[in-house]
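Architecture at a glance
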Amino acid sequence: MATPVVLYETEYEQLKRAITRLCSDANAKFVFLVDRSGQQIASHGEMLNLDTTSLASLTAGNVAATDGLAHLIGERGFPVLSHEGERDNLHISIIAARVILVVIFDVRSSLGLVRLRVKRATAEMTSIFDLIDSKVERDRDLGMSLESPFAEITEEDIDALFN
Amino acid sequence: MTFINYASREINCKIVYYGPGLGGKTTNLQYIYDSTAAQAKGKLISLATETDRTLFFDFLPLDLGTVRGFKTRFHLYTVPGQVFYDASRKLILKGVDGMVFVADSQRERMDANVESLFNLELNLKQHGYDLMKVPYVLQLNKRDLPNVVSTADLTAELHRKGEPVFEGVANRGVGVFDTLKAIAKQVLLELRKDGSG
């Protein structure tokens, strides 16, 4: 089975700051980070009733399907996707080859501004994800094991979830 | 791929229901959705055709509760069972933590079961997974129908590695939660082993 993806508090706060700034700089309604398998990482914005879990899953599905289309025509992928609606628009891009950045914006912003701000935020967030990778690698090289919150889990713990 | 968020103290796991077309994968999710308290579930999303056949996937986020101080979330997905949707099926397997194979017990669907299981092994391999190592549960669905293969014969044909096997009648909920519990248990116990990252 694949190694779990781990996100620590320090990097989570850094990512939160980055997307908060992006949301403000791009004059966007909502900014959202999701991993390629559909798990949400962080979000910021004014759309309070947005179903972020569904958004994460559908975004990952959308990106996966578009990647599939790209491969069919001999492309490595489409790193940026843009969907234009009557009121709101979606800008979807890939960060560090494994995380999806979604920006929702309306007439108060523009595709050009969003693209520009996303480019800058991408560089910042890529370095945060590189930091996470190097942290995990360093620990592994030192033979340190990442502390799994479930290292001590028992079958009784799991049974209790279903009772 | 399990996602452990220390900041929000959450663990998210992805479980995929696989199997031949019209075998009851979506029905499993629908039953879980209908029987779960509102606060423990998100929206059930179905990307389906006009005739209600799964086109891309169904998705149900489930909040199981707290273990060791971490919120435990399971994301349940189904794949489209129809043979020609293989490209879509493959995409859904990305980052999977556990698999449920929903077999159709009817005699005339035996070949479809075997073909789908073979397809699962192949598609997992393309993502770098080995069915023998992935948490896995087999559900023999539609046991209430008259023309079913015996449980022993079906198990003998579809069993791969000593995985738990459950008889099911998904539209009435029989075996649905037993299956879910068995796969959740395997996935969470796997995290105990994966502590080394």
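These notes cover the structure that comes with them. (Residues numbered from 1 in each chain as written. Chains lettered and ligands numbered in written order. Predicted model: local features only at pLDDT ≥ 70, side-chain atom pairs only at ≥ 80, totals over all residues. Heavy atoms only, no water.)

Considering the interface of chain B and chain A
Our working definition: Whether two residues are in contact is decided by their heavy atoms: any pair within 4.5 Å suffices. When two components associate, each loses some accessible surface as probed by a 1.4 Å sphere; the sum of these losses over both components is called the buried area. Take a side-chain nitrogen of Lys or Arg and a carboxyl oxygen of Asp or Glu: if they are within 4 Å of each other, that pair is a salt bridge. Polar contact is the term for a pair of N or O atoms within 3.5 Å; when the atoms are in protein, one must be able to donate a hydrogen and the other to accept it, and sequence-neighboring residues count only if both atoms are side-chain atoms. Helical segments are the DSSP runs of H or I of at least four residues, strand segments are the runs of E of at least two, and each set is numbered from the N terminus.
Between chain B and chain A, the residue contacts involve 47 residues of the former and 41 residues of the latter. With both sides pooled, the region where chain B packs onto chain A buries about 4400 Å², and carbon together with sulfur makes up 66% of that total. The largest share of the area that chain B buries against chain A comes from Phe3, Tyr6 and Arg68 of chain B, three residues that together contribute 16% of it. For the pair chain B and chain A, the interface holds four salt bridges. Ionic pairing is found between Asp159 of chain A and Lys181 of chain B, a salt bridge with its closest N-O pair at 3.6 Å. Summed over the shared surface of chain B and chain A, the result is six residue pairs in polar contact (both at pLDDT 80 or more). In terms of residue count, helix 5 (residues 176-193) of chain B provides more of the side of chain B that touches chain A than any other element does, nine residues in total.

Points about the nonpolar core
As a rule of thumb, nonpolar side chains are buried together in soluble globular proteins. Condition: Within this scheme, the nonpolar core is defined by two criteria: the residues are buried Ala, Val, Leu, Ile, Met, Phe, Trp, Tyr or Cys, and they are joined through side-chain atoms within 4.5 Å. The rule is simple: take the accessible area with a 1.4 Å probe, protein chains only, and divide by the maximum for that residue type; under 20% is buried, over 50% is exposed, in between is partly exposed.
With 34 residues, the main nonpolar core has Tyr17, Phe74 and Leu76 of chain B as its most contacted residues. Of all the secondary-structure elements, those providing two or more residues to this core are helix 4 (155-161) of chain A together with strand 2 (10-18), helix 1 (25-35), strand 4 (54-67), strand 5 (70-78), strand 6 (98-104) and helix 5 of chain B. Per element, the largest residue contribution to this core is nine residues, and it comes from helix 5 of chain B. Not counting residues within four places of it along the chain, the set of residues in contact with Phe74 of chain B comprises Cys13, Ile15, Leu60, Pro61, Leu62, Leu64, Ala184, Val187 and Leu188 of chain B.

Thoughts on helix 4 (residues 151-158) of chain B
All names here are of chain B. Test applied: Directions pointing from the helix axis toward each C-beta atom define the arc.
Along helix 4, the residues classified as buried are Leu154, Thr155 and Leu158. Mapping the buried residues of helix 4 onto a view down its axis gives an arc of 100°, with all of them on the same face. Counted as exposed and oriented over 90 degrees from the buried face of helix 4: Ala152 and Ala156.

No statement about biological role is implied by the geometric values presented.
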